[in-house]
Amino acid sequence: MEHVETYIQERDLCPDYCASLRANVRKFCIWLGGVATLDRFNSQSFNKWVTELKGGSLAINTVEGDRRCVVCIWSDAYDSELVEDPPLRLKRLKKPRIGMEAEVAMTQERLD
């Protein structure tokens, strides 16, 4: 998608992030059925894609990263008036709060 390259060229981004943007937008475009144009980005198809990713074998943090990359490009395209549909009503992911539970357990042990 051309807009990904435009987005990258307009900013000072690290190579790893650029590769991540390209790969994740490409992944969404492939899911949409091949070459996707910005006008095919809509909340209904995006939410289905995120649901499928979440239901697969990927870790929740990986799915969240994929999601953020596509939303980033879509938001910029909307701000640049390249798409009519804003990136609204998008599925959010709940991440487990493992760190907090461990901290509470350690605090409880100290109090006992």
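Residues numbered from 1 in each chain as written. Predicted model: local features only at pLDDT ≥ 70, side-chain atom pairs only at ≥ 80, totals over all residues. Heavy atoms only, no water.

Engineer: I would appreciate a short explanation of the overall build of the protein chain in the present structure.
Structural biologist: The helix and strand inventory of the protein chain stands at 5 helices and 0 strands. Counting the 112 residues in the protein chain, one finds 33% classified as buried. In the protein chain, of all internal contacts separated by at least 6 residues, the share reaching a separation of at least 24 is 60%. Accessible area for the protein chain stands at about 7,700 Å²; split by element, carbon and sulfur atoms hold 50% of it. (Helix = DSSP H or I, 4+ residues; strand = E, 2+ residues; numbered from the N terminus. Buried < 20%, exposed > 50% of the residue type's maximum accessible area, 1.4 Å probe, protein only. Contact = heavy atoms within 4.5 Å. Areas by Shrake-Rupley, 256 points an atom, 1.4 Å probe, with all protein chains shown as cover.)

Engineer: Even after reading the chapter, I still don't get the nonpolar core, so can you show me in this structure?
Structural biologist: In globular proteins that are soluble, nonpolar side chains generally tend to be buried together. The biggest cluster of nonpolar side chains holds 26 residues, and the ones touching the most others in it are Leu21, Phe28, Phe46, Trp49 and Val70. For this core, the secondary structure elements donating two or more residues are helix 1 (2-9), helix 2 (15-32), helix 3 (43-55) and helix 4 (60-79). Of the residues forming this core, the biggest block, 8 residues, is contributed by helix 4. Beyond its immediate chain neighbours, meaning those up to four positions away, Val70 contacts Asn24, Val25, Phe28, Phe41, Phe46 and Trp49. (Core = buried A, V, L, I, M, F, W, Y, C linked by side-chain atoms within 4.5 Å.)

Engineer: Sorry, what's going on with the layout of surface pockets here?
Structural biologist: Using a probe with the size of a water molecule, rolled over the atoms, empty space left in the structure can be pinpointed. Computed from the structure, the largest pocket encloses a volume of approximately 190 Å³. Forming the walls of the largest pocket are 12 residues, and the residues nearest its centre are Met1, Arg22, Val25, Arg26 and Cys29. Broken down by element, the lining of the largest pocket gets its largest block of residues, 5 residues, from helix 2. For the lining of the largest pocket, the residue count by class is 7 nonpolar, 2 polar and 3 charged. (1 Å grid on protein atoms, 1.4 Å probe; cavity = no way out; pocket = protein on both sides within 12 Å on 5 of 7 lines; lining within 4 Å. Points joined across faces, edges and corners; volume = space filled by probe spheres on them. Nonpolar A, V, L, I, M, F, W, Y, C, P; charged D, E, K, R; others polar.)

Engineer: Honestly, the side chain of Asp76 in this entry has me stumped. Any pointers?
Structural biologist: The topology assignment puts Asp76 in helix 4. Leaving out residues up to four positions away in the same chain, Asp76 has contacts with His3, Tyr7 and Arg11.

Engineer: What should I look at first to understand helix 1 in this one?
Structural biologist: All of the buried residues in helix 1 are His3, Val4, Tyr7 and Ile8. End-on view of helix 1: buried residues confined to an arc of 140°, all on one side of the axis. Facing away from the buried side of helix 1, by more than 90 degrees, are the exposed residues Glu2 and Gln9. (Arc of directions from axis to C-beta.)

Engineer: How do you make sense of the packing of helix 2 against helix 3 when you look at a structure like this?
Structural biologist: Any two packed helices are characterised by how steeply their axes cross, that is the angle between the axes, and by the distance between the axes. Interaxial distance between helix 2 and helix 3 falls to 11 Å at its minimum, and their mutual angle equals 105°. The pairing of helix 2 with helix 3 is recorded here as roughly perpendicular in orientation. Residues Asn24, Lys27, Phe28, Trp31 and Leu32 of helix 2 form the contact with helix 3, whose own contacting residues are Ser45, Phe46, Lys48, Trp49, Glu52 and Leu53. The residue inventory of the contact of helix 2 with helix 3, partitioned by class, reads 6 nonpolar, 2 polar and 3 charged. (Axes fitted to C-alpha atoms, helices over the stretch in contact; angles between N-to-C directions. Parallel < 35°, antiparallel > 145°, perpendicular 65-115°, else oblique.)

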